[in-house]
Amino acid sequence: MPLVTESYTSQRQRWPTSGRHILAQHDERSVVVYQAYAPRIGRFAAEHRFFGGDFKLTRMSWIKPNFLWMMYRCGWATKADQETVLAVRLRREAFESVLARAVHSKHVPEVYGTPEDWKAEMARSDVRLQWDPDHSPTGAPLERRAIQLGLQGETLRRYAKEWLLDIEDITPFVQEQREHLTKDRLDQLLIPRETVFWPADEATVKRLGLAMPPEGAQDGRARTPGSP
């Protein structure tokens, strides 16, 4: 199931410019997330269609549904031990369940109440949540926030094999598009086509603090009137 791509300049026009949003390539069955690894780990995963070999189930593993956020973190596949970029297609219901169990990595009083309550939630969950500034292709920080999710324990074990629909090594694509950046050709830059992902569970929407996307940026799923 290859990625669908579209020019960066055309997508930028319809994306929200601020607020917390989950930008992703998704459909009714799946959601694509990205990871970057050392070649020995990434190539094993792409070849076998699951995470194994030198992949460590004992360590937290972070996934990012936003392609440009991944490119910022891995330097467009130039940083050490991040030279192999993977597009991981997950079952949509699995991604929804990860979002529902995610606990912020920092205390958010309006969500958890006291620090003690937050720590108790942290102890019960094996999914961590962080909102960070999204970035342009050149690495400039934006007002829009991008999500990343840290997986460990049972959730990571299920992610590594059970929840997977496909794993694609997109390193050649990343390297090809990086050339447009180095030669200042943003008008030719292609990236995976992404729209705003909206969780089916309104409690998850509230917990994550998602902002309502502008017209044309969302995926068309039904929303409860008055939702954020």
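Residues numbered from 1 in each chain as written. Predicted model: local features only at pLDDT ≥ 70, side-chain atom pairs only at ≥ 80, totals over all residues. Heavy atoms only, no water.

Asker: Explanation requested: helix 4 (residues 92–101) in the structure shown.
Answerer: Within helix 4, seven of the ten residues are buried, which leaves the element mostly enclosed by the surrounding structure. Here helix 4 has its buried residues at Arg92, Ala94, Phe95, Glu96, Ser97, Val98 and Leu99. In this structure, the buried residues of helix 4 make contact with strand 4 (30–37), strand 6 (84–91), strand 8 (127–135), strand 9 (141–151), helix 7 (153–162) and helix 9 (202–208). (Buried < 20%, exposed > 50% of the residue type's maximum accessible area, 1.4 Å probe, protein only. Helix = DSSP H or I, 4+ residues; strand = E, 2+ residues; numbered from the N terminus. Contact = heavy atoms within 4.5 Å.)

Asker: So what exactly am I meant to see when it comes to the packing of aromatic side chains here?
Answerer: Both the distance between ring centres and the angle between the ring planes are used here to describe each pair of aromatic rings. A complete count under the given rule lists eleven aromatic pairs for this structure. Ring geometry for Phe51 against Phe55: centres 4.9 Å apart, planes inclined by 35°, an arrangement best described as tilted. In this structure, Phe51 and Phe55 share a single accessibility class: buried. Through pairs of rings, three or more aromatic residues link up here, namely Tyr34, Phe67, Trp76 and Phe173. In this structure, Lys161 packs its charged tip against the face of Phe50, placed 4.7 Å from the ring centre. (Phe/Tyr/Trp six-rings, centres within 6.5 Å; stacked < 30°, edge-to-face > 60°. Lys NZ or Arg CZ within 6 Å of the ring centre and 35° of its normal.)

Asker: Teacher, can you tell me more about the pattern of salt bridges here?
Answerer: Two side chains bearing opposite charge may form a pair once their charged atoms approach each other closely. In total, this model carries ten salt bridges according to the counting rule given. In this structure, Glu96 engages Arg92 in a salt bridge whose closest nitrogen and oxygen atoms are separated by 4.0 Å. Note that Glu96 and Arg92 are positioned in helix 4 at a spacing of four residues, about one turn of the helix. In terms of burial, Glu96 and Arg92 fall into one category: buried. One salt-bridge network, held together by shared partners, links Glu6, Arg14 and Arg193. (Salt bridge = Lys/Arg side-chain N within 4 Å of Asp/Glu carboxyl O.)

Asker: So what exactly am I meant to see when it comes to the sheet that holds strand 4 here?
Answerer: By way of backbone hydrogen bonds, the strands of a sheet pair with one another, either parallel or antiparallel. As summarised here, the arrangement of the three strands in space is 4-6-10, forming an open sheet in which the pairing is antiparallel. Looking at which strands have only one partner, the edges of the open sheet turn out to be strand 4 and strand 10 (164–169). Taking the axes of each pair of neighbouring strands and ignoring which way they run, one obtains an average angle of 20° across the sheet. Of the pairings in the sheet, the one linking strand 6 to strand 10 comprises five bridges and is antiparallel in character. Residue Val88 lies in a different strand from strand 10, and its bridge partner there is Ile167. Along the sheet face, helix 4 touches strand 4 and strand 6 and points at about 95° away from the line of strand 6. Along the sheet face, helix 7 touches strand 4, strand 6 and strand 10 and points at about 70° away from the line of strand 10. (Pairing = 2+ DSSP bridges. Axes fitted to C-alpha atoms, helices over the stretch in contact; angles between N-to-C directions.)

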